[in-house]
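Examination of the molecular architecture
Residue strings, one per chain:
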Amino acid sequence: MSTETLPHPPLVENPMASHEQVAAFDQTVMGTYARFPLTLIRGQGCRVWDAAGKEYLDFVAGIATCTLGHAHPVMVEAVTRQMQKLHHVSNLYYIPEQGALARWLVDHSCADRVFFCNSGAEANEAAIKLARKYAHTVLNIDHPIILTAHSSFHGRTLATVTATGQPKYHQHFSPLVPGFHYIPYNDADALRRTVVELNQGQQRTAAILLEPVQGEGGVRPGDRDYFQLVRQICDETGMLFILDEVQTGVGRTGKWWGYEHLGIEPDIFTSAKGLGGGVPIGAMLCKSTCDIFEPGEHASTYGGNPFACGVALAVCQTLERENLLANVEARGQQLRSGLEQVVQRYPKHLAGVRGRGLLNGLVLQEGSDLTAAAITKAAIAAGLLVVPAGPQVVRFVPPLIVSEAEVAAAIAALEQALATLIT
Ligand SMILES: *Cc1c(COP(=O)(O)O)cnc(C)c1O
């Protein structure tokens, strides 16, 4: 990648370029993240720069959030305008931007109502509470069970980390929240068996929570047949079908929502990551049939404030106006076919490619001594940012504005990175 001198000084003085600056950071910031030794100080479109002026192609996009890339003029405008006008007042009052964003979301999905919050975990937390209230008041279930999938990811709050079907995230946090049961993803027989077994006892299945494509758990797309069977079982038993669209939503898969690929509609779904284009916002959306929260039952101080909603609306309208779903589809195909050619070159190390739209994973071969983290590090050296999705999958989630030339450059940088690792 080429380097470039910076036209502007960084806004924060400390560029984290020296060992001393990194040590000072680690002394005050909790060690919850295993960071790569990289500090980014500027971005433009699908490119970002570090303090030394080295340029990177950003196929992480803040972990599938910066849908319009960096410093997009529409976002700069929306952020500035909204901040000058009004940014936060609380939900004690009516907020026109919240109403306008809710209208856009309802018009572009199967949902009738929206609750706003600030993150994916918070949106899933709201969905879990709504499903429990529905179980108690509509289904008459005293001990409701929510089914979730192995390898799923739903967040880090106590309830959403319990919902997350990966033991590594549970360690040291017991007692976990009761009322969750895990099933294999995309396994119709296991689901039928589990629903029958659980419903013989005291407890009963009240809802199932799934990702349309499992993101953090390794980029596993949901099977159409499976999701249709889930819908059928929910209709037969009265269970609610909840989708976690935090990573898949707002165009990431080439449609507005991941469920559109699966030929079903959920009762409840959640959104966050891409919704604000990198400005924090989350949403829980539902059909009018489960719109049963009453005043005081759920809330969020920041949820749906004028700033976040004004910016998110500008992001959504830009995705629509610039027909970026078509770009997601085309660039996704280009990326997958490029990655497949790379896989063919290294069959001992790479097993394949999976994903939808611009949520894609390069899957390592069982038994290969390569890891997703090692490839990610080598890619950084080659000027490409990617993000592991588990130890065996390298994830590619670029901004939805990514160009044909940028996808081609990313594949070339990946090849360069692999060449340094595989001799
Ligand atoms: C990232 C993610 C979450 C958690 O979102 P946060 O904003 O980090 O709380 C939940 N579900 C899925 C599918 C995600 O990808």
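Residues numbered from 1 in each chain as written. Predicted model: local features only at pLDDT ≥ 70, side-chain atom pairs only at ≥ 80, totals over all residues. Heavy atoms only, no water.

Digging into the overall build of the protein chain
Tallying secondary structure elements over the protein chain gives 12 helices and 17 strands in all. By the compact-globule yardstick of 22 Å for 423 residues, the protein chain fits well, its C-alpha radius of gyration being 22 Å. If you line up the protein chain on its principal axes, its C-alpha atoms span 65 × 55 × 45 Å. When burial is assessed residue by residue, the protein chain has 55% of its 423 residues classed as buried. The contacts in the protein chain between residues at least 6 apart in sequence include a share of 71% that link residues at least 24 apart. (Helix = DSSP H or I, 4+ residues; strand = E, 2+ residues; numbered from the N terminus. Rg over C-alpha atoms; globule rule 2.2 N^0.38 Å. Buried < 20%, exposed > 50% of the residue type's maximum accessible area, 1.4 Å probe, protein only. Contact = heavy atoms within 4.5 Å.)

Points about the nonpolar core
For soluble globular proteins, nonpolar side chains are generally found buried alongside one another. In this structure, F59, I208, L210, L384 and F396 are the most contacted members of the largest nonpolar core, which totals 87 residues. Considering every element that reaches this core, the biggest residue donor is helix α9 (residues 306-321), with 10 residues. Taken together, domain 1 (3-65 + 324-421) and domain 2 (75-321) each give at least three residues to this core, which thus spans both. Not counting the four nearest positions on each side in its chain, L384 is found in contact with Y56, L57, F59, A379, F396, A410, A413 and L414. If you look at the next biggest cluster of nonpolar residues, it comprises 26 residues, including L139, I141, I268 and M284. (Core = buried A, V, L, I, M, F, W, Y, C linked by side-chain atoms within 4.5 Å. Domains from an automatic or database assignment.)

Observations concerning the sheet that holds strand β16 (residues 387-388)
Spatially, β13-β14-β17-β16 is the arrangement adopted by the 4 strands of the open sheet, whose pairing is antiparallel. Single-partner strands in this sheet number two, and they are β13 (350-356) and β16. The pairing of β13 with strand β14 (residues 359-364) spans 6 bridges and is classified as antiparallel. Within β14, the position partnered with L350 by the bridge is L364. (Pairing = 2+ DSSP bridges.)

What about the packing of helix α7 (residues 188-198) against helix α8 (residues 224-237)?
Running from N to C, α7 and α8 point in directions that differ by 15 degrees, and their axes come no closer than 10 Å. Relative to α8, the element α7 lies roughly parallel. The two elements α7 and α8 meet at a crossing, and its hand is right-handed. Residue-level inspection shows A188, L191, R192 and V195 of α7 in contact with α8, the latter providing Y226, L229, V230, Q232, I233, E236 and T237. Residues belonging to the contact of α7 with α8 are distributed by class as follows: 7 nonpolar, 2 polar and 2 charged. (Axes fitted to C-alpha atoms, helices over the stretch in contact; angles between N-to-C directions. Parallel < 35°, antiparallel > 145°, perpendicular 65-115°, else oblique. Left-handed = near helix turned anticlockwise from the far one by under 90°. Nonpolar A, V, L, I, M, F, W, Y, C, P; charged D, E, K, R; others polar.)

A closer look at the packing of helix α4 (residues 96-107) against α9
Their axes nearest at 8 Å, the elements α4 and α9 cross at an angle of 35 degrees. The two elements α4 and α9 cross, and the hand of that crossing is left-handed. Only P306, C309, G310, A312, L313, C316, Q317 and E320 of α9 make contact with α4, whose side of the interface consists of E97, Q98, A100, L101 and W104. Classifying every residue of the contact of α4 with α9 by side-chain character gives 8 nonpolar, 3 polar and 2 charged.

Quick word on the site of the ligand
The local shell around the ligand consists of S119, G120, A121, N124, F153, H154, G155, E211, D244, V246, Q247 and K273. Between the ligand and A121, the relevant distance is 2.7 Å, taken from an oxygen atom to a main-chain nitrogen or oxygen of the residue. Within the backbone of F153, one N or O atom sits 3.3 Å away from a nitrogen atom of the ligand. For the ligand, whose accessible area on its own is 390 Å², the fraction buried by protein is 80%. Considering every element that reaches the shell around the ligand, the biggest residue donor is helix α5 (residues 120-137), with 3 residues. Classifying every residue of the shell around the ligand gives 3 nonpolar, 6 polar and 3 charged. (Near = heavy atom within 4 Å. Polar contact = N/O pair within 3.5 Å; in protein donor to acceptor, adjacent residues only side chain to side chain. Areas by Shrake-Rupley, 256 points an atom, 1.4 Å probe, with all protein chains shown as cover.)

Things to note about the side chain of T318
Position of T318 among the secondary structure elements: in helix α9. Judged by its relative accessible area of 1%, T318 falls in the buried class. Only 2.6 Å separates the side chain of T318 from the backbone oxygen of A314, close enough to count as a polar contact. If near-sequence neighbours (up to four positions away) are discounted, T318 is found in contact with L68, H72, V74 and L324.

A word on the environment of L400
Residue position: L400 is located in the loop between β17 (393-396) and α12 (404-421). Note on L400: relative accessible area 1%, which makes it buried. Each C-alpha atom of the pair L400 and E329 lies 9.6 Å from the other, and the pair is 71 residues apart in sequence.

Some remarks on the domain arrangement of the protein chain
As a measure of interface size, the accessible area lost when the parts come together is often cited. Assigned domains of the protein chain: these are domain 1 (3-65 + 324-421) and domain 2 (75-321). The distance between the C-alpha centroids of domain 1 and domain 2 comes to 27 Å. For the pair domain 1 and domain 2, the summed buried area comes to about 2,000 Å², and 59% of that belongs to carbon and sulfur atoms. In terms of surface lost to domain 2, no three residues of domain 1 exceed L325, R356 and L359, which account for 35% of the buried area on that side. Our count for the contact surface shared by domain 1 and domain 2 stands at 1 salt bridge. Looking at the side of domain 1 that touches domain 2, the elements that each hand over two or more residues are α2 (61-64), α10 (324-345), β13, β14 and β17. The element that contributes the greatest number of residues to the side of domain 1 that touches domain 2 is α10, accounting for 4 residues. Across the side of domain 1 that touches domain 2, the residue classes break down as 12 nonpolar, 6 polar and 4 charged. (Buried area = accessible area lost by both parts, 1.4 Å probe. Salt bridge = Lys/Arg side-chain N within 4 Å of Asp/Glu carboxyl O.)

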